[in-house]
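Spelled out from the first residue to the last, the chains are:
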Amino acid sequence: MATAKLDMEKLVSLCRRRGFIFQSSEIYGGINGFWDYGPLGVELKKNIKDAWWQDMVRNPPPGPDGQEITMVGLDCSIIMNPKVWEASGHVATFADPTRKCSGCGRFVRADQLWAILAESSEWMNSLIQEFTPITGAIDTPKLLKWAQGKGKKLAPNLALVRNPQVVLSFLATRVNGQPDAPPDLMEMTRYLATEQLHATGLQDPCPLCGGPLGEPKPFSLMFESHAGTEQTEESKVYLRPETAQGIFANFANVVSSSRVKLPFGIAQIGKAFRNEITPRNYIFRSREFEQMEIEFFCHPEQSMKWYEYWRDLRKKWYSTLGIKSDNLKPREQGKEELAHYSIGTTDIEYMFPFSEDPQELEGVAHRGAFDLTAHMSKSGKDLKYFDEDGWNALLHERLEPLKNDPARREEEKKKLNREERPKFIFTPHVIEPSAGADRFTLAVLCEAYSADQVPDADGKMEERLVMKFHPRLAPVKAAILPLVKKDGMPEKAQGLYRELKKHFKVEYDDGGAVGRRYRRQDEIGTPFCITIDGDTMKDDTVTIRDRDTLQQRRVPINSVLEEIRKALMS
RNA sequence: GCGGGCGUAACUCAGUGGUAGAGUGCCACGUUGCCAACGUGGUUGUCGUGGGUUCAAAUCCCAUCGCCCGCUCCA
């Protein structure tokens with residue numbers, strides 16, 4: 001743990017120093033849970049998003065039966081009609097009134113308070129054995145003893161524990177005042193939680209520490225804003241907490257406009273916002289983040305096959321971009337963990353250095369027909385799919401034999417329309433591979449970070465900091481370096497630089513000794529250094545230095561483009 | 001949100017009431033023919049922020065913001 005934490009700090013420091021990631025609004029003291037990508041960070045993240053788009057949308061691998069699969073893209077607005085979030089369940093789920101304990105600061109769902117107190121509150125379970133609520137009898141000495149013993153440990157902020165004399169006297173007044181209506185368990189508990197009855201009225205206790213709970217307040221993980229001039233409840237809008245709902249809301253548009261047939265997927269990369277209670281672990285859990293999501297629509301009967309396809313494909317994708325499989329942990333969620341709509345979910349997790357446990361990079365969820373059904377019922381629009389191919393095939397099969405008997409043919413057609421056609425109209429099931437672009441960027445940074453030993457000019461071994469990015473993801477693909485700043489080398493090098501920058505992000509650097517320049521490139525993970533030396537001037541060859549092996553190869557200057565391209569395809 | 005720790009240059013850090021520092025980096029010039037070379041010169045600060053105590057505050061006190069760790073939350 002100690003070494004893991006150290007690595008993380010070094011990584012954060014490197015990312016700041018070299019311009020990968022900055023804290024947002026730093027000159028104003030920063031803002032918790034928001035991050036900026038610097039000049040190198042933006043290249044890295046863009047490469048990640050481009051790789052995803054290329055490999056999943058433009059060139060997805062064949063499906064489970066070797067067939068080509070259909071993928072299209074979408075880019076939806078961040079703010080949508082708020083009804084979208086009512087339909088998806090986000091408004092309901094997050095509008096749950098929550099109460100904050102002023103003692104320990106923890107939050108309790110208001111509607112679950114008494115259930116939690118009755119079932120899983122440790123101090124309540126202990127306290128309940130000290131009195132006999134059925135008769136309403138109160139054993140004051142027993143309660144006092146509890147308050148001074150077990151109570152001190154279990155419920156340090158409970159009024160009874162903090163000030164037993166006063167609390168018990170309030171309770172006694174109540175019991176003696178209305179002997180015909182003894183307090184029930186709930187009322188008695190509230191008395192025991194109340195220290196200043198006249199000032200505050202009866203209090204509800206925190207199930208964890210016994211402290212008084214505040215008023216219920218709706219706690220939403222969604223950021224709110226207003227659209228339009230008036231800031232009223234009617235103009236309230238939300239910043240999307242996920243990109244997925246924009247896809248569902250556009251399902252019918254895509255089907256009717258782009259000639260796609262089931263099964264097919266819709267992909268989207270975009271920002272999402274969640275007002276996380278505790279943003280933590282660098283860019284891992286931030287309040288503004290970017291998702292790379294696919295909603296893959298398929299026939300319900302084939303959905304398990306597609307679920308497995310995406311689960312396996314998505315894990316493999318991370319490996320092809322240089323994430324060691326040892327650090328990648330697919331984890332099938334347990335039944336109790338699953339969201340209520342999900343038939344199955346696999347989290348693809350990564351062993352980040354900041355945690356002993358693997359943390360989620362991506363969730364591949366089988367969402368069934370939940371989302372389309374929800375939007376159908378909320379919007380009143382038909383989002384079912386009509387399998388025309390299947391229907392036409394059936395028509396052909398049944399009507400072809402009757403082609404010489406028009407009357408029977410017509411009759412059979414009517415019958416099929418009545419009895420068989422509805423079977424080809426259904427709500428597709430959805431497989432959702434939902435990846436975090438920032439989380440993967442962080443994983444790539446963690447995975448790439450390494451220190452090795454290399455000999456310096458005197459042959460002495462010394463530490464070298466190197467970011468071993470996959471060439472495809474590296475923010476800079478190659479550095480063009482004149483060995484020395486004379487004899488026409490800079491000019492020659494600049495010529496090559498101008499040629500290469502048409503194709504890739506490359507850097508030109510003629511400052512200082514070449515060794516220093518190599519190390520600088522190592523630290524930002526540039527896979528290749530192209531050096532122009534004296535021989536280049538004679539025979540138009542250059543050396544290509546490999547970041548990881550430090551080996552140099554001499555190649556013709558006009559083959560450099562192809563050499564880099566080859567590495568990017570690997 | 002609670003508890004604990006921390007906050008000084010781009011980075012790592014020293015500085016415990018009396019002139020704000022070091023190393024690294026970065027920039028320029030010279031030199032330099034292959035792995036953080038060398039020389040010379042230069043560069044960087046609201047000491048996180050605000051207030052208080054004091055003749056005097058990076059240093060002591062209070063508040064606040066941010067970061068880290070733990071709790072909690074994570075559809």
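Residues numbered from 1 in each chain as written. Chains lettered and ligands numbered in written order. Predicted model: local features only at pLDDT ≥ 70, side-chain atom pairs only at ≥ 80, totals over all residues. Heavy atoms only, no water.

Here's the deal with the packing of aromatic side chains
Across all of its chains, the model carries 22 aromatic pairs by this definition. Three or more aromatic residues joined by ring pairs make a cluster, and in this case those are Phe248, Phe251, Phe264 and Phe297. Positioned above the aromatic ring of phenylalanine 386, the side-chain terminus of arginine 421 is 4.3 Å from the ring centre. One cation-aromatic arrangement involves arginine 439 over phenylalanine 284; the distance from NZ or CZ to the ring centre is 3.8 Å. (Phe/Tyr/Trp six-rings, centres within 6.5 Å; stacked < 30°, edge-to-face > 60°. Lys NZ or Arg CZ within 6 Å of the ring centre and 35° of its normal.)

Quick look at the confidence of the model for chain A
Summary statistics for chain A give a mean pLDDT of 85 and a share of 94% for residues scoring 70 or more. When mean pLDDT is compared element by element in chain A, strand 3 (residues 70–73) scores highest at 96, while strand 6 (residues 217–218) scores lowest at 61. Below a pLDDT of 50 lies the segment residues 1–5, which in the model reaches 4 contacts outside its immediate sequence neighbourhood of four places, other chains included. What the predictor reports for the complex is a pTM of 0.82 with an ipTM of 0.87. (pLDDT = per-residue confidence, 0-100. Helix = DSSP H or I, 4+ residues; strand = E, 2+ residues; numbered from the N terminus. Contact = heavy atoms within 4.5 Å.)

Points about the sheet that holds strand 20 (residues 506–508)
The pairing of strands in a sheet comes from backbone hydrogen bonds and takes either a parallel or an antiparallel form. Taken in spatial order, the 5 strands line up as 20-19-21-22-23 in an open sheet, and their pairing is mixed. Two strands bound the open sheet, and with one partner strand each, they are strand 20 and strand 23 (552–556). With direction set aside, neighbouring strand axes in the sheet form an average angle of 25°. Across the sheet, helix 23 (residues 560–569) lies against strand 19 (478–482), strand 21 (528–532), strand 22 (541–546) and strand 23, angled at about 130° from strand 23, the strand it touches most. (Pairing = 2+ DSSP bridges. Axes fitted to C-alpha atoms, helices over the stretch in contact; angles between N-to-C directions.)

Remarks on the layout of surface pockets
One number sums up the size of the largest pocket: a volume of about 1,100 Å³. Along its surface, the largest pocket is lined by 40 residues, and Glu242, Arg274, Gln291, Tyr341 and Glu360 are the ones closest to its centre. Looking at the lining of the largest pocket, the elements with two or more residues in it are helix 4 (90–94), strand 10 (288–298), strand 12 (344–350), strand 13 (359–368), strand 16 (429–436) and helix 19 (437–448). Per element, the largest residue contribution to the lining of the largest pocket is 6 residues, and it comes from strand 13. For the lining of the largest pocket, a count of residues per class yields 13 nonpolar, 14 polar and 13 charged. (1 Å grid on protein atoms, 1.4 Å probe; cavity = no way out; pocket = protein on both sides within 12 Å on 5 of 7 lines; lining within 4 Å. Points joined across faces, edges and corners; volume = space filled by probe spheres on them. Nonpolar A, V, L, I, M, F, W, Y, C, P; charged D, E, K, R; others polar.)

A short note on the state of the cysteines
Tallied over the entire structure, the rule returns 0 disulfides. With no disulfide of its own, cysteine 298 lies 20 Å from the sulfur of cysteine 76, the closest cysteine sulfur. Not engaged in a disulfide, the cysteine cysteine 446 finds its nearest cysteine sulfur in cysteine 15; these two sulfurs lie 8.4 Å apart. With relative accessibility at 13%, the residue cysteine 446 sits in the buried group. (Disulfide = S-S within 2.5 Å. Buried < 20%, exposed > 50% of the residue type's maximum accessible area, 1.4 Å probe, protein only.)

Regarding the pairing of strand 16
Of all 8 residues in strand 16, 8 are buried; the element is thus mostly enclosed. The two faces of strand 16 match: His429, Ile431, Pro433 and Ala435 on one face and Val430, Glu432, Ser434 and Gly436 on the other face are all buried. Across 6 bridges, the pairing between strand 10 and strand 16 is antiparallel. Bridge pairing in strand 16 places phenylalanine 297 opposite valine 430. Both strand 13 and strand 16 contribute to a ladder of 6 bridges, which runs antiparallel. By the bridge assignment, glycine 363 is partnered in strand 16 with serine 434.

Here we look at the sheet that holds strand 3
Sheet architecture is open: 7 strands sit in the order 3-9-10-16-13-12-11, paired in mixed fashion. With partners counted over all chains shown, the strands left at the sheet margins are strand 3 and strand 11 (328–332), one partner each. Strand-to-strand twist of the sheet, defined as the mean angle between neighbouring strand axes without regard to direction, takes the value 20°. Contacts between helix 15 (residues 303–320) and the sheet are confined to strand 3, strand 10, strand 11, strand 12, strand 13 and strand 16, with strand 13 contributing the most and set at about 165° to the helix.

What to know about helix 17 (residues 388–399)
A turn of α-helix holds 3.6 residues, and therefore any two residues three or four places apart point the same way. With 12 residues, helix 17 should reach 16 Å at 1.5 Å per residue; the first-to-last C-alpha distance of 16 Å fits that figure. Within the sequence span of helix 17, burial applies to Gly390, Trp391, Leu394, Leu395 and Leu399. Down the axis of helix 17, the buried set is contained in an arc of 140°. They therefore lie on one face. Exposed side chains of helix 17 directed beyond 90 degrees from the buried face belong to His396 and Glu397. Contacts from the buried residues of helix 17 go to strand 14 (385–386) and helix 18 (406–419). (Expected span 1.5 Å × (residues − 1). Arc of directions from axis to C-beta.)

Re the nonpolar core
One finds Trp310, Phe440 and Leu442 to be the most contacted residues of the largest nonpolar core, which totals 57 residues. Per-element tally for this core: the top contributor is helix 19, with 8 residues. Leave out the neighbours within four places in its chain, and phenylalanine 440 touches Ile48, Trp317, Tyr318, Leu321, Ile323 and Leu361. Counting residues in hydrophobic clusters, the runner-up holds 28 residues, among them Leu127, Leu168, Tyr191 and Leu197. (Core = buried A, V, L, I, M, F, W, Y, C linked by side-chain atoms within 4.5 Å.)

Overview of the side chain of serine 88
Inspection of the secondary structure assignment puts serine 88 in helix 3 (residues 83–88). Side-chain polar atoms of serine 88 contact the side chain of histidine 90, separated by 2.5 Å. Setting aside chain neighbours within four positions, we find serine 88 in contact with Gln245 and Phe370. (Polar contact = N/O pair within 3.5 Å; in protein donor to acceptor, adjacent residues only side chain to side chain.)

Describing the pairing of strand 9 (residues 264–273)
Strand 9 sits mainly inside the fold: 9 of its 10 residues count as buried. Summarising the sheet, strand 3 and strand 9 pair through 4 bridges and their orientation is parallel. Bridge pairing in strand 9 links valine 72 to isoleucine 266. Sheet topology note: the strand 9/strand 10 ladder contains 10 bridges and is antiparallel. In the strand pairing of strand 10, glycine 265 is matched with phenylalanine 296.

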